[in-house]
Amino acid sequence: PATPFASCRTTSSVTPARTRSGVSLGYRSRILVPTVTGWLFAEWGRLRPTNSLAAAEARLRTHLNRDRLPLTLVALRGEECIGTASLRERDLDDGPSVTPWLSSVFVAPSERGQGIGSQLVAAAEGRARALGFDRLYLHTPDRVSLYVRLGWTKLDNLGAETIMTKKLAPNL
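In this text, all values refer to a predicted model and were calculated from it rather than measured experimentally. (Residues numbered from 1 in each chain as written. Predicted model: local features only at pLDDT ≥ 70, side-chain atom pairs only at ≥ 80, totals over all residues. Heavy atoms only, no water.)

K.L.:
Requested: an account of the pattern of salt bridges, with residues and values cited.
P.N.:
Considering all chains together, one arrives at four salt bridges under this definition. Among the salt bridges present, the one from Asp142 reaches Arg143, with a minimum N-O distance of 3.7 Å. What makes Asp142 exposed here is its relative accessible area of 52%. (Salt bridge = Lys/Arg side-chain N within 4 Å of Asp/Glu carboxyl O. Buried < 20%, exposed > 50% of the residue type's maximum accessible area, 1.4 Å probe, protein only.)

K.L.:
Describe the environment of Ser103, naming the residues involved and giving the relevant values.
P.N.:
You can see Ser103 is positioned in strand 5 (residues 101–107). We classify Ser103 as buried; its relative accessible area is 4%. C-alpha of Ser103 to C-alpha of Leu92: the two residues are 11 residues apart in sequence and 10.0 Å apart in space. Residue contacts for Ser103: discarding those within four places in its chain leaves Ala85, Ser86, Arg88 and Asp91. (Helix = DSSP H or I, 4+ residues; strand = E, 2+ residues; numbered from the N terminus. Contact = heavy atoms within 4.5 Å.)

K.L.:
So, the pairing of strand 7 (residues 153–158): which residues are in play, and what are the values?
P.N.:
On a regular strand, each side chain points to the face opposite its neighbour's, so the side chains alternate between the two faces of the sheet. Note that strand 7 and strand 8 (residues 161–167) share five bridges and pair antiparallel. Of the residues in strand 8, the one forming a bridge with Thr153 is Thr165. What sits between strand 7 and strand 8 in their antiparallel hairpin is a turn of two residues, with Gly159 showing a positive phi close to 65°. (Pairing = 2+ DSSP bridges.)

K.L.:
Requested: an account of helix 3 (residues 116–130), with residues and values cited.
P.N.:
With 15 residues, helix 3 extends 21 Å between its outermost C-alpha atoms, agreeing within 8% with the 21 Å of an ideal straight helix rising 1.5 Å per residue. For helix 3, the set of buried residues is Ile116, Gly117, Gln119, Leu120, Val121, Ala124, Glu125, Arg127 and Ala128. Of the residues one or two after helix 3, Gly132 is the one with positive phi, at around 100°. (Expected span 1.5 Å × (residues − 1).)

K.L.:
Outline the side chain of Thr140, supporting the account with residue identities and numerical values.
P.N.:
When you line up the elements, Thr140 lands in strand 6 (residues 135–140). In contact with Thr140, other than residues within four places in its own chain, are Tyr147, Ala160, Glu161, Thr162 and Met164.

K.L.:
With reference to specific residues and values, describe unusual backbone geometry.
P.N.:
Residues Leu69 and Pro70 are joined by a peptide bond in cis, for which omega reads -5°. With respect to the element layout, Pro70 can be found in the loop between helix 2 (53–61) and strand 3 (71–77). With an omega of -5°, the peptide bond between Thr99 and Pro100 qualifies as cis. By the element assignment, Pro100 lies in the loop between strand 4 (80–88) and strand 5.

K.L.:
So, the pairing of strand 4: which residues are in play, and what are the values?
P.N.:
Of all nine residues in strand 4, seven are buried, a share of seventy percent or more. Where strand 3 meets strand 4, seven bridges bridge the pair, whose relative direction is antiparallel. Counted as the bridge partner of Val74 is Thr84 from strand 4.

Take a look at the structure:
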């Protein structure tokens, strides 16, 4: 398995969209799965005690979609994978029964503080809108101020997690 924060190379199945900072946002190709799995497992794997890296990778392989949930976007600088965000039907086993959820927003530590996470969130919001959703949900233990700045509102608290929501503007 790939080590966390390893560089990943893209393939032609990634269709990137350029952003103002030179970062491309696209859909994950199969070749990116081990790197992204390593990141997410290192960051949040401990939250599921029965989880394994292999199980996490198998779940992530179900996100190789463009036109339905679950799906995952990646941020690329050139050919280097630097961040990721996902849309999924459910994200909390004991949370509210609402859909869809923004989840697994992650930016490589060396790339943080440059707005890449915000770009990933905006891209995921746009993708959710394109799929016909008018509202999105997320949970976070420690990034409430980021999401408030991006237009999200607090909905509820579930233990240490804050549940947030955002009404998505219609496509213009």
